[in-house]
Amino acid sequence: MAHVPWNAKFEDVLRQGLTGLGKDKAPAADVPMEAYGLDSMALIGIVGALESAFRVSLAGQVVIPVHTLTAGQLWGILSAALQPAWGESRPSAAGRRTRDLGPWAVA
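Attention in this report is confined to the structure presented alongside it.

Conventions we followed
- Residues numbered from 1 in each chain as written.
- Predicted model: local features only at pLDDT ≥ 70, side-chain atom pairs only at ≥ 80, totals over all residues.
- Heavy atoms only, no water.
- Phe/Tyr/Trp six-rings, centres within 6.5 Å; stacked < 30°, edge-to-face > 60°.
- Helix = DSSP H or I, 4+ residues; strand = E, 2+ residues; numbered from the N terminus.
- Buried < 20%, exposed > 50% of the residue type's maximum accessible area, 1.4 Å probe, protein only.
- Lys NZ or Arg CZ within 6 Å of the ring centre and 35° of its normal.
- Expected span 1.5 Å × (residues − 1).
- Arc of directions from axis to C-beta.
- Contact = heavy atoms within 4.5 Å.
- Polar contact = N/O pair within 3.5 Å; in protein donor to acceptor, adjacent residues only side chain to side chain.
- Axes fitted to C-alpha atoms, helices over the stretch in contact; angles between N-to-C directions.
- Left-handed = near helix turned anticlockwise from the far one by under 90°.
- Nonpolar A, V, L, I, M, F, W, Y, C, P; charged D, E, K, R; others polar.

So, about the packing of aromatic side chains. Across all of its chains, the model carries two aromatic pairs by this definition. Geometrically, the ring pair formed by F10 and W75 is edge-to-face, given 5.1 Å between the ring centres and 65° between the ring planes. Separated by 65 residues along the polypeptide, F10 in helix α1 (residues 8-17) and W75 in helix α3 (residues 71-82) bring together distant segments of the chain. For the pair formed by F10 and W75, the shared burial category is buried. An aromatic cluster of at least three residues, connected via ring pairs, comprises W6, F10 and W75. Sitting above the plane of the F54 ring, K9 keeps its charged end 4.8 Å from the centroid.

Bringing helix α2 (residues 40-54) into the picture now. Since one α-helical turn is 3.6 residues long, residues separated by three or four positions face the same way. Here α2 spans 21 Å end to end across 15 residues, near enough to the 21 Å set by a 1.5 Å rise per residue. Residues A42, L43, I46, V47, L50 and F54 constitute the buried set of α2. For α2, the angular spread of the buried residues around the axis is 135°, confining them to a single face. Within α2, the exposed residues directed more than 90 degrees away from the buried face are M41, I44 and S52. Contacts from the buried residues of α2 go to α1 and α3. In this structure D39 caps α2, since a side-chain oxygen of it lies 3.2 Å from the backbone nitrogen of M41. Within two residues after α2, R55 carries a phi angle of roughly 55°, on the positive side.

Where α2 contacts α3, the axes come no closer than 12 Å and their chain directions differ by 35°. The handedness of the crossing between α2 and α3 comes out as right-handed. In this structure, α2 uses I46, L50 and F54 to contact α3, whose residues at the interface are L74, L78 and L82. The residue inventory of the contact of α2 with α3, partitioned by class, reads six nonpolar, no polar and no charged.

This is the structure in structure tokens:
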């Protein structure tokens, strides 16, 4: 199997939503998913499943037309949503909440 830039959970969600994707075939990162059966209704299902599986909100993030959207682009959108926003608190190694201050701030 060819190397893909995403993890198995992402691929599992794609497999469930892309009816034209074979069991033993991974979607190519740069091929429009329309080739695997993606339409607007399937995209809604995939986005909902990704939000549930990864516990993120993708509302307003998928702005690429459904007929040109690739798995690589969708993985990029999901990856960006998984990154904490600057200034958002996050758990530190010690379990306390800290803030991302940005690259120019000295903590």
